[in-house]
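Examining the three-dimensional arrangement
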Amino acid sequence: MRIFNRDLRLQDVTLLYFTALAALMVILVASYQAPMHAVDVSKLVPSGPLPPLPMPFRVPLDPRGELYLAWNISYANQEIYMELRVADLKQGVLLGMSDQGELTNADLVVLWNTGTRSYFGDAWSDAEGRVSLDSQQDYELIQAKQKPDGYYLLFKRPFSTCDPKDYLIEEGTVHIIYGFLDGPLSTLGQLNLSRIHTGVQRVLMLRPDTPPPALPPDVQTLEVRAPNVVIPSQETTYWCFIQMLPDNMPKNHIIMYESVITPGNEAIVHHIEVFQCSPDVQTVPQYSGSCDDKMKPSKLNFCRHVLAAWAMGAEGFYYPSDAGLPMGGPGSSRYLRLEVHYHNPLLISGRQDSSGIRLHYTPSLRRYDAAIMELGLVYTPIMAAPPKQRAFHLSGYCTSKCTQTALPPGGIYIFASQLHTHLAGRGVRTVLVRGGEEREVVQEDQHFSAHYQPIRVLRKAVHVLPGDVLITKCTYNTEDRSKPTVGGFGIMEEMCVNYVHYYPQTMLELCKTHVDMAHLQKFFSAMNRFHGSDPCVCGEVGVTEQYSQVRWDPFAVQVLNSLYNTAPISMHCNQSDARAFPGDWDDQPLPLVSSTLDKARYPCEAAGPPSGPTPTPHA
């Protein structure tokens, strides 16, 4: 077969050579063009007016405070504006969201440098942490600008993008992941999140959009702060401090509180709580030290009545205009316990801190006293989650019998709540049931983290009437545990609680349940017989030991789950003095729920896509 013609002229050869060279140059130039869909930051032209600045919500992301995220919410457009400040931008930065802060299957936005240009794009990570540019770009870059205090990226995205690789921003905790790029990338596909410096921060992204009310002219302030604490050079510290109210302080109403953070420690002070001690304790010794110190005064354990709670990224907390939390006056303890959680993963040493909470209170009492009520499960090993479970559910009830007995005819209004579990908790939901039908979600967080438990102001107060039922359901992940996780006070034990803030104050302080013990003993006996074990010692050993003796195969898990969903319950309908209201509260039937609320969906969610990225390969 002849390929070349002997008569091929020199000019033909030259023409072929330059044609091939031109084609090669086109290929090479094309390979260095902007990645498909990414934004060349140097060519960015603002497309419209900027959102209102400054951003009302902000949080430091990394422990050194070099990366700050601020944001603004447009409920009308179902969009979030985000502003990322990088104190010292080198090769690039990434921001992302995932279910529990995982680096895999995450929704990302990345700013990266190819060596000659910088690009901004919507991306995602796969099950191995490898990053790819998303074919659907849902983060819109508005502005990229170098300022004296850092490099600023301003961008926006919808709550819901209808892209299965994007995170659905909804009520509750959002796990923010971040990372610093350490070198140029010719393509984004070179990036693997497991090979760069990354971290996790947690925030409440969606906040009520009502403006804060004005404080009255007679408002006074009290700062509860631990002076001159030297933050220990360890990752986690809970610091306790006892402070006294002024002598003969009359009854006042706390109407607002806010954090007071020592400048420079914004990235280390993780959350703060102020508790009032029990009025039954006449004196509480002065103390400033670790809350875990075995030598701390035992009376600190009687200081559990929550006055205020703040978590990183939270704004000031305002009470409704016609209610306030009582402080001072007859029957009120003068002793307050401050608890500050320091998160110091870089083990910074020698840092001093005097952070705390500033209480705003007024002597002009409002119409209603506000109060706090505990909903959910009793702190008892009677309730447990089996080991090796991806999602196991436990529910606690505030029954119609209790609300009918304890609430006033006009009911109460819940305006805020604080969800609480220990380390295995992954989701918490409290719902109002009336007439057997779920009517309203009080609070829900399906991306819950035990490391982030702020008080959450409801966008709308929930009206609870006598005869209503409140159900609090918790979801636990015990995949990393070889033994059952029982209820209790220990951090490796579990709780399922919603501390609801409400008005007007009633005598009802605790409305919680656990499964009836007699029916639980039948479960232990049945499992013993089913597995043909030695003679049952049920009742001769403690509940925790009985749970540990069960052979936790899928059948045992299913039977226990069925027991929790059908067996009678013991109701704790308790007054503020810890005594139960008059009545028979044991062996009570489970509340009947004939219809449940469907989760509110965005228009494009009719088919019900997942609320986060999936490990499906990118199309």
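These figures come from a predicted structure and were not determined experimentally. (Residues numbered from 1 in each chain as written. Predicted model: local features only at pLDDT ≥ 70, side-chain atom pairs only at ≥ 80, totals over all residues. Heavy atoms only, no water.)

1. Side note on unusual backbone geometry
The condition is simple: Each helix is a run of H or I in the DSSP string that is no shorter than four residues. Each strand is a run of E no shorter than two, and both are numbered from the N terminus. Any residue under 20% of the maximum accessible area for its type is buried, any over 50% is exposed, and the rest in between are partly exposed; the area is computed with a 1.4 Å probe on protein chains only.
The residue after Y503, namely P504, is reached through a cis peptide bond having omega -5°. Structurally, P504 can be placed in the loop between strand 35 (497–503) and strand 36 (508–515). The phi dihedral of L347 is positive, around 55°, even though this residue is not glycine. You can see L347 is positioned in the loop between strand 22 (335–343) and strand 23 (352–353). In this structure L347 comes out as partly exposed when scored by relative accessible area, which is 47%. Despite not being glycine, K388 has its phi angle at roughly 60°, a positive value. Looking at K388, the relative accessible area reads 53%, which means it is exposed.

2. Some words on the nonpolar core
To keep it simple, the criterion reads: For our purposes a nonpolar core is just a set of buried Ala, Val, Leu, Ile, Met, Phe, Trp, Tyr and Cys residues, chained together by side-chain atoms within 4.5 Å.
W71, L84 and F155 are the most contacted members of the largest nonpolar core, which totals 72 residues. Counting 30 residues, the second-largest nonpolar core is a separate cluster that includes I382, C474, F524 and A567.

3. A short note on the state of the cysteines
As a reminder of what qualifies: Cysteine sulfur atoms are paired as a disulfide whenever they come within 2.5 Å of each other.
Taken as a whole and assessed by the stated rule, the structure comprises 5 disulfides. C240 shares a disulfide with C291; S-S distance 2.0 Å. Linking C240 and C291, the disulfide has an S-S dihedral of approximately 110° and is accordingly described as right-handed. With a gap of 51 residues between them, C240 in strand 15 (residues 236–244) and C291 in the loop between strand 18 (288–290) and strand 19 (305–311) connect regions that are remote in the sequence. Looking at C240, the relative accessible area reads 1%, which means it is buried. Judged by relative accessible area, C291 falls into the buried class, the value being 10%. Residue C402 pairs covalently with C573 via a disulfide, S to S 2.0 Å. Handedness here is read from the sign of the S-S torsion; for C402 and C573, about 85°, the answer is right-handed. Of this pair, C402 sits in helix 2 (residues 400–406) while C573 sits in strand 37 (residues 569–575); the two residues are 171 residues apart in sequence, bridging distant segments of the chain. Residue classification places C402 among the buried residues on the basis of a relative accessible area of 0%. Classification of C573 as buried rests on a relative accessible area of 0%.

4. Overview of helix 3 (residues 517–530)
Helical periodicity: at 3.6 residues per turn, an α-helix aligns residues three or four positions apart in one direction. Filter applied, for reference: Every helix has an expected span of 1.5 Å times one less than the residues it contains. Starting at the helix axis, one direction is taken to each C-beta atom, and the arc is that of these directions. Should any heavy atoms of two residues lie within 4.5 Å, those residues are counted as being in contact.
An ideal rise of 1.5 Å per residue puts 20 Å on 14 residues; helix 3 measures up with 20 Å between its terminal C-alpha atoms. Residues L520, Q521, F523, F524, M527 and N528 constitute the buried set of helix 3. Burial along helix 3 is one-sided: seen end-on, the buried residues are contained in an arc of 150°. Among the exposed residues of helix 3, those oriented more than 90 degrees off its buried face are K522, R529 and F530. Where helix 3 is buried, its residues touch strand 36, helix 4 (543–549) and helix 5 (554–566).

5. Quick notes on the pattern of salt bridges
Cut-off, in case you're wondering: When a carboxyl oxygen of Asp or Glu is within 4 Å of a side-chain nitrogen of Lys or Arg, the pair counts as a salt bridge.
Per the counting criterion, the structure on display carries 20 salt bridges. E444 is the salt-bridge partner of R429, the closest N and O atoms lying 3.6 Å from each other. Placement of R429 in strand 30 (residues 425–434) and of E444 in strand 31 (residues 437–445) is noted, with a sequence separation of 15 residues between them. Since its relative accessible area comes to 25%, E444 is described here as partly exposed. Among the ionic contacts, a cluster of salt bridges with common partners joins E223, R225, E258 and R358.

6. Topic: the sheet that holds strand 9 (residues 140–147)
To keep it simple, the criterion reads: Here, a strand pair is defined by DSSP locating no fewer than two bridges between the strands. As a rule, the C-alpha atoms of each element are fitted with a line to give its axis, helices using only the stretch in contact, and angles between N-to-C directions run from 0 to 180 degrees.
The strand order 2-3-4-10-9 describes an open sheet built from 5 strands, whose pairing is antiparallel. The two strands at the open ends of the sheet, each matched to only one other strand, are strand 2 (57–60) and strand 9. Neighbouring strand axes in the sheet, compared pairwise and without regard to direction, differ in orientation by 15° on average. Note that strand 4 (residues 79–86) and strand 10 (residues 150–158) share 8 bridges and pair antiparallel. If you follow L84 over to strand 10, its bridge partner there is L153.

7. Some points on the confidence of the model for the chain
Interpretation of the predicted coordinates at a detailed level should be avoided for regions scoring low in pLDDT. Selection rule: Every residue carries a pLDDT, the predictor's confidence in it, which falls somewhere between 0 and 100.
Counting all residues, the mean pLDDT for the chain is 86, and 88% of those residues have values of 70 or more. Contacts from residues 21–33, a stretch scored under 50 in pLDDT, to residues over four places away or in other chains number 1 contact. Contacts from residues 607–619, a stretch scored under 50 in pLDDT, to residues over four places away or in other chains number 30 contacts.

8. Some words on the side chain of D166
Here is the rule: Lys and Arg are tallied as positive, Asp and Glu as negative. Neither His nor the chain termini are counted. Throughout this description, a polar contact denotes any pair of N or O atoms lying within 3.5 Å of each other; where both atoms belong to protein, one of them has to be capable of donating a hydrogen while the other can accept it, and for residues adjacent in sequence the pair is counted only when both atoms sit in side chains.
Residue position: D166 is located in the loop between strand 10 and strand 11 (173–180). Look at D166: it is buried, it has no salt bridge, and the nearest opposite charge is R157 at 5.2 Å. A distance of 2.9 Å separates polar atoms of two side chains, one belonging to D166 and the other to T161.

9. Focus: a nonpolar patch on the surface
Note the cut-off: Patch criteria: residues need more than 30% relative accessible area and no salt bridge. Like-charged residues are merged within 9 Å; nonpolar side chains of Val, Leu, Ile, Met, Phe, Trp and Tyr are merged within 5 Å. Here, Shrake-Rupley sampling with a 1.4 Å probe gives the accessible areas, and only protein chains in the shown set may cover a residue.
Judged by side-chain polarity, L423, I491 and M492 come together as a nonpolar surface patch covering roughly 270 Å² of accessible area. By the secondary structure assignment, I491 is in the loop between strand 34 (485–486) and strand 35.

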